Amino acid sequence: MSTAPTFVPLARLLHWLMAALLLAQLLIGVAMMASLTLRPPLIALHRPLGLALLVLVVVRLWVRRHHPPPALPADLPRWQAAAARASHLLLYALILALPLLGWALSSAAGNVVLLPGDVVLPAIAPHDPALYAWLRDAHGLLAWVLFATVLGHVAAALHHAWIRRDGVFEAMAGRRADPPADAG
């Protein structure tokens, strides 16, 4: 067995929990646009999940700051290492921005953001139909950018798991990688 380091357990838990919530959010978002009948209950679900993601990404960034991720393999091409860093920054930025945009667009629409337990969040944008339209378009566009970025992230993870077999995927999966067959 390799002695390659893994992410700390809390980082792995946050990663997989956030992955599940992001997938749910993307599917709920598409369903909201496709069905007027289901739209109100889906929005009621989408808002608290988005705010949960906002809290989780802040916690995740704190964990990452205090427990840096394992180093990428030394033989990883520089452009791939740069792409990995850039895509992670983009993922974090989008996961921070989208819930805030959603909250702001709800505020601009004049809607109350109600969480479970009848917790009402304050408006973070003025009630303004033009601002609402702009924020809604921005939220939708960034959701598609997030979807594309997540697909790229999954593709890169599978590349590390199935092609490179370099332990990068296993570090987040919490398993130790087997050494390559030609390793002495």
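In what follows, the structure referred to is the one given above.
Participant: In this structure, what is going on with the packing of aromatic side chains? I would like to understand it.
Facilitator: The geometry of an aromatic ring pair is captured by the separation of the ring centres together with the interplanar angle, meaning the angle of the planes. With the rule as written, the count across this model stands at one aromatic pair. Judged by centre distance (6.0 Å) and plane angle (85 degrees), the ring pair of Trp-144 and Phe-147 falls under edge-to-face. Residue Trp-144 and its partner Phe-147 are located together in helix 4 (residues 129-164), separated by three residues, close to a single helical turn. Overall, the relative accessible area of 57% leaves Trp-144 in the exposed class. On the basis of relative accessible area, Phe-147 is assigned to the partly exposed category, the value being 35%.

Participant: Mind showing me how you'd approach the side chain of Thr-149 here?
Facilitator: Tracing the sequence through the fold places Thr-149 in helix 4. Judged by its relative accessible area of 12%, Thr-149 is buried. Apart from residues lying up to four places away in sequence, Thr-149 is in contact with Ser-87, Leu-90, Leu-91 and Leu-94.

Participant: Honestly, unusual backbone geometry in this entry has me stumped. Any pointers?
Facilitator: In most cases, non-glycine residues show a negative phi, while peptide bonds are predominantly trans. A positive phi angle is found at Asp-118, which is not glycine, with a value near 60 degrees. Along the chain, Asp-118 falls in the loop between strand 1 (113-115) and strand 2 (119-121). Backbone geometry at Arg-165 places phi at a positive 50 degrees, although glycine is not the residue there. Looking at where Arg-165 falls in the secondary structure, it is placed in the loop between helix 4 and helix 5 (168-173).

Participant: When you look at the nonpolar core in this model, what are you seeing that I'm missing?
Facilitator: Nonpolar side chains tend toward joint burial in soluble globular proteins. By size, the foremost hydrophobic cluster in this structure holds 22 residues, and its most contacted members are Met-18, Leu-53, Ile-95 and Leu-146. Counting only elements with at least two residues in this core, the list comes to helix 1 (9-34), helix 2 (39-66), helix 3 (78-108) and helix 5. Ranked by residues supplied to this core, first place goes to helix 1 with seven residues. If we ignore the near neighbours within four places in the chain, the residues touching Leu-53 are Met-18, Leu-21, Leu-22, Gln-25 and Ile-95.

Participant: Quick question: what am I supposed to make of the environment of Gly-167 here?
Facilitator: Note on placement: Gly-167 falls in the loop between helix 4 and helix 5. Spatially, the C-alpha atoms of Gly-167 and His-127 are 50 Å apart, while their sequence positions differ by 40 residues.

Participant: I'm lost on the packing of helix 1 against helix 2 in this one. Help?
Facilitator: In a packed pair of helices, the relevant descriptors are the angle between the two axes and the axis-to-axis distance. It is at 9 Å that the axes of helix 1 and helix 2 come closest, and there the two elements cross at 155 degrees. On the basis of their axis angle, the class for helix 1 and helix 2 is roughly antiparallel. Taken as a pair, helix 1 and helix 2 cross one another with a handedness that is left-handed. Among the residues forming the contact of helix 1 with helix 2, the class breakdown is 20 nonpolar, five polar and two charged.

Participant: I would appreciate a short explanation of helix 1 in the present structure.
Facilitator: Every α-helix winds through 3.6 residues per turn, so residues three or four apart in the chain are directed the same way. End to end, helix 1 covers 38 Å across 26 residues, agreeing with the expected 38 Å (1.5 Å per residue, within 8%). Taken together, the buried positions of helix 1 are Ala-11, Arg-12, Leu-14, His-15, Met-18, Leu-21, Leu-22, Gln-25, Leu-26, Ile-28, Gly-29 and Met-32. The elements touched by buried residues of helix 1 are helix 2, helix 3, helix 4 and helix 5.

Rules and cut-offs
Residues numbered from 1 in each chain as written. Predicted model: local features only at pLDDT ≥ 70, side-chain atom pairs only at ≥ 80, totals over all residues. Heavy atoms only, no water. Phe/Tyr/Trp six-rings, centres within 6.5 Å; stacked < 30°, edge-to-face > 60°. Helix = DSSP H or I, 4+ residues; strand = E, 2+ residues; numbered from the N terminus. Buried < 20%, exposed > 50% of the residue type's maximum accessible area, 1.4 Å probe, protein only. Contact = heavy atoms within 4.5 Å. Core = buried A, V, L, I, M, F, W, Y, C linked by side-chain atoms within 4.5 Å. Axes fitted to C-alpha atoms, helices over the stretch in contact; angles between N-to-C directions. Parallel < 35°, antiparallel > 145°, perpendicular 65-115°, else oblique. Left-handed = near helix turned anticlockwise from the far one by under 90°. Nonpolar A, V, L, I, M, F, W, Y, C, P; charged D, E, K, R; others polar. Expected span 1.5 Å × (residues − 1).

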